[in-house]
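Here's the letter readout for the chains.
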Amino acid sequence: MNYLRTAMLLAGLTALFMGVGYLIGGASGAMIALVIAAATNLFTYWNSDRMVLSMYGAHEVDRSTAPELVGLVAELAGRAGLPMPRVFVMDELQPNAFATGRNPENAAVAVTTGLIGQLSREELAGVIAHELAHIKHHDTLLMTITATIAGAISMLAQFGMFFGGNRENNNGLGIVGSILMMILAPLGAMLVQMAISRTREYAADNLGARIVGQPMWLASALVKIEGAAHQVPNVEAERNPATAHMFIINPLSGHGVDNLFATHPSTQNRVAALQQLASELGGQAAPSVGANENYPPRGPWGRSSSRGSFRGPSRGPSRGPWG
């Protein structure tokens, strides 16, 4: 099903790409767009992960530069039965993370400095386990390819607007096409958001919680990331909204409800699903979700006791890898 979904998505994006090409240059423009789309599909299969990582200024770390982070990823990858992915850090204050790569053998996990600085070790483990679940489910290929091609569609639409569309048509299609291209760029981003099924986030939450052994670690992390995402802007994500679906929490402002065009399920719904899983596994109660709460900063492996919103690991027998 993953391969079928990828093929259908690429076909839809290619058709949209050709449509923009037709509006710019008629039938010849559509054929040129088809050739470009085919080349883009091939290029992004091999290079889209590097492009996305470069877009966000992510730099690779290893055991010598980030021993605790890399060790954490290695331990969780072992628990998930995955090859060790490459680990990247983004210099971004907003806590967030994503995974990328065409397959588990060529995967990468990227986290922001804000995520490392504001989450405890347990919460960070929950986030990394979620990203490893995307890798295990082969979701990352779909995420990276769609983000790259949607960006190409937006650039092509802007190019067409600059040159005014296909002026050779006598029926006014050039003007109409120019107006349509103003809509096609956000429509391309919306298509990406719709194509990445929100059920994949639920599935990654579920498997990630099982990998780490404690669903409430991930639930607590989601609450904190959601709150920070409304307070700390991610400038690069705002410039490239087609990549928003790659992150564990939507990095863009102005979201938070489960609707047809949302890139992510609501955090409340995700926490509720994790609470149910925790109940089935004998875990702790879920933390309350408050998008506007101010969470105190702390070190990467510190614990916050001021709010007491996350008590799972300190009560009862721990089933996680560090219990």
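Above this note sits the structure.
Cut-off values and rules
- Residues numbered from 1 in each chain as written.
- Predicted model: local features only at pLDDT ≥ 70, side-chain atom pairs only at ≥ 80, totals over all residues.
- Heavy atoms only, no water.
- Helix = DSSP H or I, 4+ residues; strand = E, 2+ residues; numbered from the N terminus.
- Expected span 1.5 Å × (residues − 1).
- Buried < 20%, exposed > 50% of the residue type's maximum accessible area, 1.4 Å probe, protein only.
- Arc of directions from axis to C-beta.
- Axes fitted to C-alpha atoms, helices over the stretch in contact; angles between N-to-C directions.
- Parallel < 35°, antiparallel > 145°, perpendicular 65-115°, else oblique.
- Left-handed = near helix turned anticlockwise from the far one by under 90°.
- Contact = heavy atoms within 4.5 Å.
- Nonpolar A, V, L, I, M, F, W, Y, C, P; charged D, E, K, R; others polar.
- Pairing = 2+ DSSP bridges.

Asker: Got a minute to help me understand helix 2 (residues 67-80) in this structure?
Answerer: Owing to its 3.6 residues per turn, the α-helix aligns residues three or four sequence positions apart on the same side. Taking 1.5 Å of rise per residue, 14 residues should cover 20 Å, and helix 2 covers 20 Å from first to last C-alpha, within 8% of that figure. Here helix 2 has its buried residues at Leu69, Val70, Leu72, Val73, Leu76, Ala77 and Ala80. Projected onto a plane normal to the axis of helix 2, the buried residues spread over an arc of 155° and lie on a single side. Trailing helix 2 by a residue or two, glycine 81 shows a phi angle of about 70°, which is positive.

Asker: Whenever I open this one, unusual backbone geometry confuses me. Can you help?
Answerer: In the Ramachandran plot, histidine 138 falls in the positive-phi region, its phi being about 60° despite a non-glycine side chain. Mapped onto the secondary structure, histidine 138 falls in the loop between helix 4 (121-136) and helix 5 (139-163).

Asker: Looking at this model, I keep getting lost on the packing of helix 2 against helix 4. Mind explaining?
Answerer: Working note: a packed helix pair is described by the angle between its axes plus the distance between those axes. Close contact between helix 2 and helix 4 brings their axes to 10 Å; oriented N to C, the two are set at 50°. On the basis of the axis angle, helix 2 is oblique to helix 4. Handedness of the helix 2/helix 4 crossing: right-handed. Contact residues: Glu68, Leu69, Leu72, Val73, Glu75, Leu76, Ala77 and Ala80 in helix 2; Arg121, Leu124, Ala125, Ile128, Ala129, Leu132 and Lys136 in helix 4. Among the residues forming the contact of helix 2 with helix 4, the class breakdown is 11 nonpolar, no polar and 4 charged.

Asker: Would you mind showing me how to read the sheet that holds strand 2 (residues 86-90) here?
Answerer: A sheet is described by the order of its strands in space; here 4 strands give the open sequence 1-2-4-3, paired in mixed fashion. Only two strands of the sheet have a single partner each, and these edge strands are strand 1 (59-61) and strand 3 (97-101). Recorded for the sheet is a direction-independent mean angle of 35° between the axes of neighbouring strands. Note: strand 1 against strand 2, 3 bridges, orientation antiparallel. Bridge pairing in strand 2 places histidine 59 opposite valine 89. Of the strands in this sheet, strand 1, strand 2 and strand 4 (107-112) touch helix 2, which is tilted by about 135° from strand 2.

Asker: Any chance you could explain helix 10 (residues 267-281) here in plain terms?
Answerer: In this model, helix 10 (15 residues) spans 21 Å end to end at C-alpha, consistent with the 21 Å of a helix rising 1.5 Å per residue. Within helix 10, the full set of buried residues consists of Thr267, Arg270, Val271, Leu274, Leu277 and Ala278. Angular distribution of buried residues about the axis of helix 10 spans 120°; they occupy a single face of the element. Exposed residues pointing more than 90 degrees away from the buried face of helix 10 are listed as Ser279 and Glu280. On its buried face, helix 10 sits against helix 4, helix 7 (199-212) and helix 8 (215-229). One or two positions beyond helix 10, positive phi appears at glycine 282, with a value near 85°.

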